[in-house]
Amino acid sequence: MLRFLIRRLSSAFVILILISAFTFLIFFAAPRDPAVLACGKNCTEAAKDIIRDNLGLNDPIAQQYWEFMRGIVMGRDFSVGHCDAPCLGVSFNTDLMVWDTIVDRLPLTLSLSLGGLVIFLTLGLGAGLIAAAKKGTVTDKTLSSMSLVFSSMQIYFLGPIVLGALVFSTGIMESPRYVPLTEDPLGWFTGLLIPWFVMALIFTAQYTRMSRSSMIEQLQEEHVRTARAKGMSRPYVFFRYAWRGSLIPIVTILGMDLGALLGGAIVTEMTFSLAGIGRLAVDAVTNIDLPLTMGVMLVGATFILLCNVVVDAAYAYIDPRVRLG
């Protein structure tokens, strides 16, 4: 298992280096001079020359890339001050360190994604197992019908409906907001409850259908029927033999959804007017803030790769044959 994890982490590191090189090339392939973007309006040629010298834009691209990567590990000096490692540069629009800006927005996006993940996994797998255990009954048909309805919806459609019903019309709940967990745990929970609820409705539907069909398929396997024929109780066979096998396709789907959760943070944060990494990415692209855009892309890619490594580890734990691949 350790060798498997080392192989996966090594592959993720190589992919991350390739992404950083690709992102850096995009930075210099931009149609506008980075010095002009950094200098802003009413900029003089002398000021542009100072910025080019400060950012190292007169050096060969390979050397600039090396300085950029070295700054991530060792830090870097700019005219606005020293940038501690991991240094991703200085924002053109705010003159703030990119890494500090991302760290300031990251807790909201992580709270939004991980909180929603816990809720829809719990509800989805629970509803799927109940539907499989009650196959053909009213409970099964009700859960299956609900999952079919909600799986066809999107956050930008369902979100405003829920906001209108629970916030603007009835006032039952307050508008979504982010409060740091360490400052006010109750405020953190209630502030993100509506986004979590909307995400749970949409993602729960998919996991309900997936876990139901996977569990029904496992219950028809020969080793499961043999266990029942030997007199083992239904709950014991259900969780001891069928449950583990049914997780394999679910973990596969989860790996893709983890990336979608982080990538889809843009839609969720824009729908509920929350200022996280997704909103920051939109602002960076809109303002042509290249260092900030690069930083957000690299941090997002790092999280997605780490999530995939975790999912691969879970997959290998459930099915040991994967470790041989």
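This is a predicted model, so every value here is computed, not measured. (Residues numbered from 1 in each chain as written. Predicted model: local features only at pLDDT ≥ 70, side-chain atom pairs only at ≥ 80, totals over all residues. Heavy atoms only, no water.)

K.L.:
Help me understand the overall build of the protein chain, please; the structure alone is not making it clear to me.
P.N.:
Of the regular secondary structure elements, the protein chain holds 13 helices and two strands. Buried residues in the protein chain amount to 41% of all 325 residues. Long-range pairs, those at least 24 residues apart, make up 66% of the contacts in the protein chain between residues at least 6 apart in sequence. Carbon and sulfur atoms make up 66% of the accessible area of the protein chain, which amounts to about 17,700 Å² in all. (Helix = DSSP H or I, 4+ residues; strand = E, 2+ residues; numbered from the N terminus. Buried < 20%, exposed > 50% of the residue type's maximum accessible area, 1.4 Å probe, protein only. Contact = heavy atoms within 4.5 Å. Areas by Shrake-Rupley, 256 points an atom, 1.4 Å probe, with all protein chains shown as cover.)

K.L.:
I tried to follow the state of the cysteines on my own but got confused; where do I start?
P.N.:
Linking two cysteines covalently via their sulfur atoms produces the bond known as a disulfide. All chains considered together, the criterion is met by one disulfide. For Cys83, the disulfide goes to Cys87, at an S-S distance of 2.3 Å. Measuring handedness by torsion sign, the sulfur bridge of Cys83 and Cys87 sits at about 115° and is right-handed. When its relative accessible area of 2% is taken as the criterion, Cys83 is described as buried. (Disulfide = S-S within 2.5 Å.)

K.L.:
Just checking my understanding: could you explain helix H7 (residues 155-169) for this structure?
P.N.:
Helical geometry: 3.6 residues make up each α-helical turn, so side chains three or four residues apart lie on a common side. In this model H7 runs 19 Å from its N-terminal to its C-terminal C-alpha over 15 residues, within 8% of the 21 Å that 1.5 Å per residue would give. The largest bend along H7 measures about 30° and falls at Leu163. Among the residues of H7, Ile155, Leu158, Gly159, Val162, Leu163, Gly164 and Val167 are the ones counted as buried. Buried residues along H7 sit against helix H8 (185-219) and helix H11 (265-271). Gly171 occupies a position one or two residues after H7 and carries a positive phi of about 70°. (Expected span 1.5 Å × (residues − 1). Bend = angle between axes of the 7 residues up to and from the residue.)

K.L.:
Please explain H8 as it appears in this structure.
P.N.:
Given a rise of 1.5 Å per residue, 35 residues ought to cover 51 Å, yet the end C-alpha atoms of H8 are separated by just 41 Å, more than 12% below that figure. Remark: the principal bend of H8, roughly 50°, maps to Leu193, with a proline, Pro195, within the next four residues.

K.L.:
Explanation requested: the packing of helix H5 (residues 98-133) against helix H13 (residues 290-318) in the structure shown.
P.N.:
Think of two packed helices as two axes; the pair is described by the angle between the axes and how far apart they sit. Running from N to C, H5 and H13 point in directions that differ by 45°, and their axes come no closer than 10 Å. Looking at the two axes, H5 sits oblique to H13. Two packed elements cross with a definite hand, and for H5 against H13 that hand is right-handed. Contacts between H5 and H13 involve Val98, Trp99, Thr101, Ile102, Leu106 and Leu110 from the first element and Pro291, Leu292, Gly295, Val296, Val299 and Phe303 from the second. (Axes fitted to C-alpha atoms, helices over the stretch in contact; angles between N-to-C directions. Parallel < 35°, antiparallel > 145°, perpendicular 65-115°, else oblique. Left-handed = near helix turned anticlockwise from the far one by under 90°.)

K.L.:
Would you explain the nonpolar core in this entry?
P.N.:
Note that soluble globular proteins tend to have their nonpolar side chains buried in a common cluster. In terms of nonpolar packing, the biggest core is built from 34 residues, with Leu117, Phe120, Leu121, Ile194, Val198, Tyr207 and Phe272 touching the most fellow members. Those elements giving two or more residues to this core turn out to be H5, H7, H8, helix H10 (234-263) and H13. Considering each element in turn, this core owes the most residues, 10 residues, to H8. Dropping the residues within four chain positions of it, Val198 is found in contact with Ile155, Leu158, Gly159, Val162 and Phe272. If you look at the next biggest cluster of nonpolar residues, it comprises 20 residues, including Leu37, Met69, Ala284 and Val299. (Core = buried A, V, L, I, M, F, W, Y, C linked by side-chain atoms within 4.5 Å.)

K.L.:
What am I meant to see in the pattern of salt bridges here?
P.N.:
As enumerated under the stated definition, the model contains four salt bridges in all. Note that Arg8 and Asp312 form a salt bridge whose closest N and O atoms lie 3.2 Å from each other. Of this pair, Arg8 sits in helix H1 (residues 2-29) while Asp312 sits in helix H13; the two residues are 304 residues apart in sequence, bridging distant segments of the chain. Judged by its relative accessible area of 28%, Asp312 is partly exposed. (Salt bridge = Lys/Arg side-chain N within 4 Å of Asp/Glu carboxyl O.)

K.L.:
Sorry if this is basic, but what is going on with the packing of aromatic side chains here?
P.N.:
The geometry of two aromatic rings is summed up by the distance between their centres and the angle between their planes. Considering all chains together, one arrives at six aromatic pairs under this definition. Their ring planes at 70° and their centres at 5.2 Å tell us that Trp188 and Trp196 sit as a pair that is edge-to-face. This pair shows no difference in class: Trp188 is buried, exactly as Trp196 is. Through pairs of rings, three or more aromatic residues link up here, namely Phe24, Tyr65 and Phe68. (Phe/Tyr/Trp six-rings, centres within 6.5 Å; stacked < 30°, edge-to-face > 60°.)

K.L.:
I keep staring at a nonpolar patch on the surface and nothing clicks. Help me out?
P.N.:
Together, Tyr156, Phe157, Ile161, Ile266, Val267 and Met270 line one region of the surface with nonpolar side chains, adding up to about 560 Å² of accessible area. For the nonpolar patch, the secondary structure elements donating two or more residues are H7 and H11. (Patch = residues over 30% accessible without salt bridge, like charges linked within 9 Å, V, L, I, M, F, W, Y side chains within 5 Å.)

K.L.:
Honestly, the packing of H5 against helix H6 (residues 138-151) in this entry has me stumped. Any pointers?
P.N.:
At a closest axis distance of 8 Å, the pairing of H5 and H6 adopts a crossing angle of 140°. Classified by the interaxial angle, the pair formed by H5 and H6 is oblique. Of the two possible hands of crossing, H5 and H6 adopt the one that is left-handed. Contacts between H5 and H6 involve Ala127, Ile130 and Ala131 on the former and, on the latter, Thr139, Asp140 and Leu143. Its residues assigned to classes, the contact of H5 with H6 comprises four nonpolar, one polar and one charged. (Nonpolar A, V, L, I, M, F, W, Y, C, P; charged D, E, K, R; others polar.)

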